[in-house]
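Observations on chain architecture
Below are the chains, spelled out letter by letter.
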Amino acid sequence: MRAPMDASPVTRTPLHRRALAVQVYERSDGLFDVEASLSDVKQVDMPLTSGLRKAGDPVHDMRLLLTVDRQLNVLQAGSQTLSMPYPGHCGDHGDAYAQLVGLNLLRGFRAELKSRLAGTRGCTHLTELAGLVPTAVIQAFAGHVIDTQAGLAGDQAPFQLDRCHALKRDGPVVKTHYPRWFVQETGP
């Protein structure tokens, strides 16, 4: 196992930083706006075929904008490309991300995203960014829209069970914190 990066005896020079962010806002009309962003910044000057990109200037600065309801249905969708390596071309995918309207973030979203916008049908970076949105929105909704305590007393299991390895029904976390929903492992 590697030592923590800050304990490494090797010196390092930063080259590139990708920053991803997802912010979810509750609107006064009961809907939710999702603003996802992707930024790529080089720490050194980078010659591009379209010209020199100076250190610190974004190579990519992109936004994916969605409006969703409480059931995680996408009601509006669009994108913005503010910085790109090929100005006048990278952002020229029209309103491709409007194709996300009608999808549900919990039911087949990533498969449909790939089907509709992978490759040349969209922007690689925006499509990858869109793949992060479902879990970020679930985190925003947890305890606010999604009752993470439901199932502790009722007949329906808590939403989060069996959605990751730590919360598998035959695991120690469920046995300790959600004993009512614990299922003894039956073997391979």
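1. Let's talk about unusual backbone geometry
- A positive phi is found at Leu72, a non-glycine position, where the angle reads about 70°.
- In this fold, Leu72 is placed in the loop between strand E5 (58-68) and strand E6 (74-83).

2. Quick notes on the sheet that holds E6
- Taken in spatial order, the four strands of this open sheet run E1-E2-E5-E6, and their pairing is antiparallel. Both edges of this open sheet fall to strand E1 (16-26) and E6, since each of them pairs with a single strand only. The sheet shows a mean angle of 10° between the axes of neighbouring strands, direction not considered.
- Of the strands in this sheet, E1, strand E2 (32-42) and E5 touch helix H3 (residues 133-141), which is tilted by about 45° from E1.

3. Quick word on the environment of Thr186
- Positionally, Thr186 belongs in the segment after helix H4 (172-177).
- Since its relative accessible area comes to 79%, Thr186 is described here as exposed.
- Note: C-alpha distance between Thr186 and Gly30 (156 residues apart in sequence) is 44 Å.

4. Structural notes on the side chain of Ser37
- Inspection of the secondary structure assignment puts Ser37 in strand E2.
- For Ser37, a relative accessible area of 19% gives the class buried.

5. Describing the nonpolar core
- With 30 residues, the main nonpolar core has Leu64, Leu100 and Phe141 as its most contacted residues.
- Of all the elements in the fold, those that place two or more residues in this core are E2, E5, E6, helix H1 (109-117), helix H2 (124-130) and H3.
- Leave out the neighbours within four places in its chain, and Phe141 touches Val24, Phe32, Val68, Asp69, Arg70, Leu72 and Ile146.
- Of all hydrophobic cores here, the second largest spans six residues; its members include Leu161, Leu167, Val174 and Trp181.

6. Thoughts on the packing of aromatic side chains
- Overall, the coordinates contain one aromatic pair when judged by the stated rule.
- Taken together, a centroid distance of 4.6 Å and an interplanar angle of 55° make the contact between Phe32 and Phe141 tilted. In this pair, Phe32 sits in strand E2 while Phe141 sits in helix H3, placing the two residues 109 residues apart along the sequence. Here Phe32 and Phe141 have matching classes, each one buried.

7. Thoughts on H3
- Turning to H3, its buried residues number three or more, namely Val133, Pro134, Val137, Ile138 and Phe141. The buried residues of H3 all sit within an arc of 130° when viewed along its axis, so they share a single face.
- The secondary structure elements touched by the buried residues of H3 are E1, E2, E5, H1 and H2.
- Note on H3: the residue one or two positions beyond its end, Gly143, has a positive phi of about 80°.

8. Points about H1
- Turning to H1, its buried residues number three or more, namely Phe109, Leu113 and Leu117. With its buried residues spanning 35° around the axis, H1 presents them on a single face. The exposed set on the far side of H1, more than 90 degrees from its buried face, consists of Ala111 and Lys114.
- The inward-facing, buried residues of H1 abut E6, H2 and H3.
- Where H1 terminates, the next one or two residues include Gly119, which has phi positive at roughly 65°.

So, how was this worked out
- Residues numbered from 1 in each chain as written.
- Predicted model: local features only at pLDDT ≥ 70, side-chain atom pairs only at ≥ 80, totals over all residues.
- Heavy atoms only, no water.
- Helix = DSSP H or I, 4+ residues; strand = E, 2+ residues; numbered from the N terminus.
- Pairing = 2+ DSSP bridges.
- Axes fitted to C-alpha atoms, helices over the stretch in contact; angles between N-to-C directions.
- Contact = heavy atoms within 4.5 Å.
- Buried < 20%, exposed > 50% of the residue type's maximum accessible area, 1.4 Å probe, protein only.
- Core = buried A, V, L, I, M, F, W, Y, C linked by side-chain atoms within 4.5 Å.
- Phe/Tyr/Trp six-rings, centres within 6.5 Å; stacked < 30°, edge-to-face > 60°.
- Arc of directions from axis to C-beta.

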